[in-house]
Amino acid sequence: MSALEQWIAFQTILVKEIRRYIRIWPQTLLPPAITMTLYFVIFGALIGKRIGEMGGFSYMQFVVPGLIMMAVVTNSYSNIVSSFFGAKFGHSIEELLVSPVPNWIILAGFVVGSVSRGLLVALIVTVLSLFFADLHVQHMGVTILVVLLTAILFSLFGFINAVFANSFDDISIVPTFILTPLIYLGGVFYSLDLLPDFWEGVSRLNPLVYVVNGFRYGVLGVSDVNVTFALAMISLFTVVTLVYCLHLLKSGKRLRE
Amino acid sequence: MTAALRIKDLTKVYGNQVHALKGISLEVERGDFFALLGPNGAGKSTTIGILFSLINKSSGTVEICGVDIDKDFPGAKKHVGIVPQEFNFNMFEKVEHIVVTQGGYYGLSREVAAARAEKYLKKLELWDKRNEVARSLSGGMKRRLMIARALVHEPDLLVLDEPTAGVDIEMRRTMWDFLKELNERGTTIILTTHYLEEAENLCRNIAIIDSGRIVHHGSMRDLLRQLHTETFLLDSKVVLPASVAIPGFSTRRLDDRCLEVVVDKDQGMNDLFAELSRQGIEIDSLRNKTNRLEEMFVSLLS
């Protein structure tokens, strides 16, 4: 395929993906808006007042970056896992597999589609958060880099889940039993300083800690971890996962016999 | 001129050690209307799956319009359009959108893809349904939608895996006319079907595959010429006598007015009718008991 044909194929997949989640917006865009508003009201406005300051900020200001990242992670992941597995389950993925579209374009189309949903939800949640907290982004470059890399990384994780899934149960196991606990224990609602040394050490093994703190540094200028290290780890994970996803597509594992 | 499809020593061994293809070789000339027949589990779908790139071959070579799939599979895929046996489109997408999107996967601009979608949906009598979601279509319409989708990039080679399964007879004949027209305009067509009458009517060349091996590969005419006998059913205008004997012919009285006659290929029908006339049996109509290709097919596989 020429570069122009590849670009058209990429656009086709991307537009199809965006149309899919826009068409079913009550299932894709509305729930995170409602859930996050409830978080802001309960943890920020009601309970947060009793907690007081954390990391030098009001509790509401402290949790907002974590909640935005939570929305990015869950939406990037769930978009690709449901879309790609749905296509695999209904065999419509064969439309792509029989076509001359290179594997990296297929992956790019699905990943960018999921990233776009993650970023759109992040935007919605950010706008909602402004009703509850006063936010001033401290490091715009870091903020954008972390949110983009995180959306890409979790889209790639979702893709792997979709490739290996055999049933709809398989695509809900990882988000429910792995992703959600990691997010909740990833420093969204508390600073690692509050933990005993042992549990603080254990928490540092959680990749979500780096995602949440990297973003919090970009927005508030504070972090429990070294931001350069956090960015390096997110980048490294993204590259390794990307290479693995391309390998899965090339080998045809669970897609071709 | 390169062949539309050239397969050499193709094998496929599945993970459970099932040898689905045991070294098949096949050549389909450009412009041909080719039948790939075989019983269930013979290896047809595996062969086609390898062309689809949905099944990885174990060994052997496959060239599509001169392009080796091992060297340039994307380049080879551009030449081929696939109509699979199972419906494999998103049932919640609109008909026109399914075809236009497939065009995009082949690098066609939206304008070109939309124009081609209109052309083929109209030809296949689906244009009125273009804004309906695919799941609302009947089985026959869904099959036609898959044909329109496979043609959007105007491939040199069209592979149809049982395209008329579940299609009513009127629509089947419309589809035959459409496929004949497509073939006359230069598209090479490979057809698998369980309707042997369909293969006999449409195809010039044929390969029969059984247990992963090609048991016949040649022209349809040559194959049918190998048929030594044909069985006819004769409907009589008058009530047949209790016993009908015609010298030189094997006969069987099926009921009061129907006679089954087996005719060798070197026997003339005139002799048969002359003898029937002599016995006062006037024939109203005559038909083949089974399709000729079906008889040959059964004979080759038995």
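Residues numbered from 1 in each chain as written. Chains lettered and ligands numbered in written order. Predicted model: local features only at pLDDT ≥ 70, side-chain atom pairs only at ≥ 80, totals over all residues. Heavy atoms only, no water.

Enquirer: Any chance you could explain the domain arrangement of chain B here in plain terms?
Expert: Often the size quoted for an interface is simply the accessible area lost on bringing the parts together. Residue and element names in this part refer to chain B. Each domain of chain B was delimited in the assignment, giving domain 1 (5-224) and domain 2 (228-301). In this structure, domain 1 and domain 2 have C-alpha centres spaced 38 Å apart. Contact residues are listed per partner, giving 15 residues for domain 1 and eight residues for domain 2. Counting the surface lost from both domain 1 and domain 2, the interface buries some 1000 Å², and carbon and sulfur atoms represent 76% of this. Of all residues in domain 1, Leu-196, Glu-200 and Leu-224 give up the largest surface area on contact with domain 2, accounting jointly for 46% of the area buried on that side. Applying the counting rule to domain 1 against domain 2 returns zero residue pairs in polar contact (both at pLDDT 80 or more). The set of elements that each furnish at least two residues to the side of domain 1 that touches domain 2 consists of α7 (196-202), β9 (205-210), β10 (213-219) and α8 (220-225). The leading source of residues in the side of domain 1 that touches domain 2 is α7, at four residues. Grouping the amino acids of the side of domain 1 that touches domain 2 by side-chain chemistry returns ten nonpolar, two polar and three charged. (Domains from an automatic or database assignment. Contact = heavy atoms within 4.5 Å. Buried area = accessible area lost by both parts, 1.4 Å probe. Polar contact = N/O pair within 3.5 Å; in protein donor to acceptor, adjacent residues only side chain to side chain. Helix = DSSP H or I, 4+ residues; strand = E, 2+ residues; numbered from the N terminus. Nonpolar A, V, L, I, M, F, W, Y, C, P; charged D, E, K, R; others polar.)

Enquirer: Help me understand the sheet that holds strand β2 (residues 19-28) of chain B, please; the structure alone is not making it clear to me.
Expert: Within a sheet, neighbouring strands are paired by backbone hydrogen bonds and run either parallel or antiparallel to one another. Residue and element names in this part refer to chain B. As summarised here, the arrangement of the four strands in space is β2-β1-β4-β5, forming an open sheet in which the pairing is antiparallel. If you trace the sheet from one side to the other, it starts and ends with β2 and β5 (67-68), each paired once. As defined by bridge partners, strand β4 (residues 59-64) adjoins β5 across two bridges and the pair is classed as antiparallel. Of the residues in β5, the one forming a bridge with Ile-64 is Val-67. (Pairing = 2+ DSSP bridges.)

Enquirer: How should the nonpolar core be read in this particular structure?
Expert: In this structure, A:Leu67, B:Leu5, B:Val62 and B:Ile64 are the most contacted members of the largest nonpolar core, which totals 115 residues. Per-element tally for this core: the top contributor is helix α4 (residues 59-89) of chain A, with 18 residues. For B:Ile64, the residues in contact, after removing those within four places along its chain, are B:Ala4, B:Leu5, B:Leu51, B:Ile69, B:Ala76, B:His79, B:Val80 and B:Leu157. B:Phe89, B:Val152, B:Val167 and B:Met175 belong to the second largest nonpolar core, which has 50 residues in total. (Core = buried A, V, L, I, M, F, W, Y, C linked by side-chain atoms within 4.5 Å. Buried < 20%, exposed > 50% of the residue type's maximum accessible area, 1.4 Å probe, protein only.)

Enquirer: Just to check I follow, could you spell out the packing of helix α6 (residues 103-129) of chain A against helix α7 (residues 140-164) of chain A for this structure?
Expert: For any two helices packed against each other, one specifies the inter-axial angle together with the distance between the axes. All names here are of chain A. It is at 9 Å that the axes of α6 and α7 come closest, and there the two elements cross at 125°. Judged by the inter-axis angle, α6 sits oblique to α7. In the crossing of α6 with α7, the sense of the turn from one axis to the other is right-handed. Every residue of α7 that contacts α6 at Leu-107, Val-111, Ser-114, Val-115 and Leu-119 is listed here: Val-147, Leu-148, Ala-151, Ile-152, Ser-155, Leu-156 and Phe-159. Each residue belonging to the contact of α6 with α7 can be placed in one class, and the counts come to ten nonpolar, two polar and no charged. (Axes fitted to C-alpha atoms, helices over the stretch in contact; angles between N-to-C directions. Parallel < 35°, antiparallel > 145°, perpendicular 65-115°, else oblique. Left-handed = near helix turned anticlockwise from the far one by under 90°.)

Enquirer: Can you help me understand the packing of α7(A) against helix α11 (residues 227-251) of chain A in this one?
Expert: Residue and element names in this part refer to chain A. Packing of α7 against α11 brings their axes to within 9 Å, and their N-to-C directions diverge by 30°. The orientation of α7 with respect to α11, classified from their angle, is roughly parallel. In this structure, α7 crosses over α11, and the sense of that crossing is left-handed. Along the lines of polarity and charge, the residues of the contact of α7 with α11 split into 21 nonpolar, four polar and no charged.

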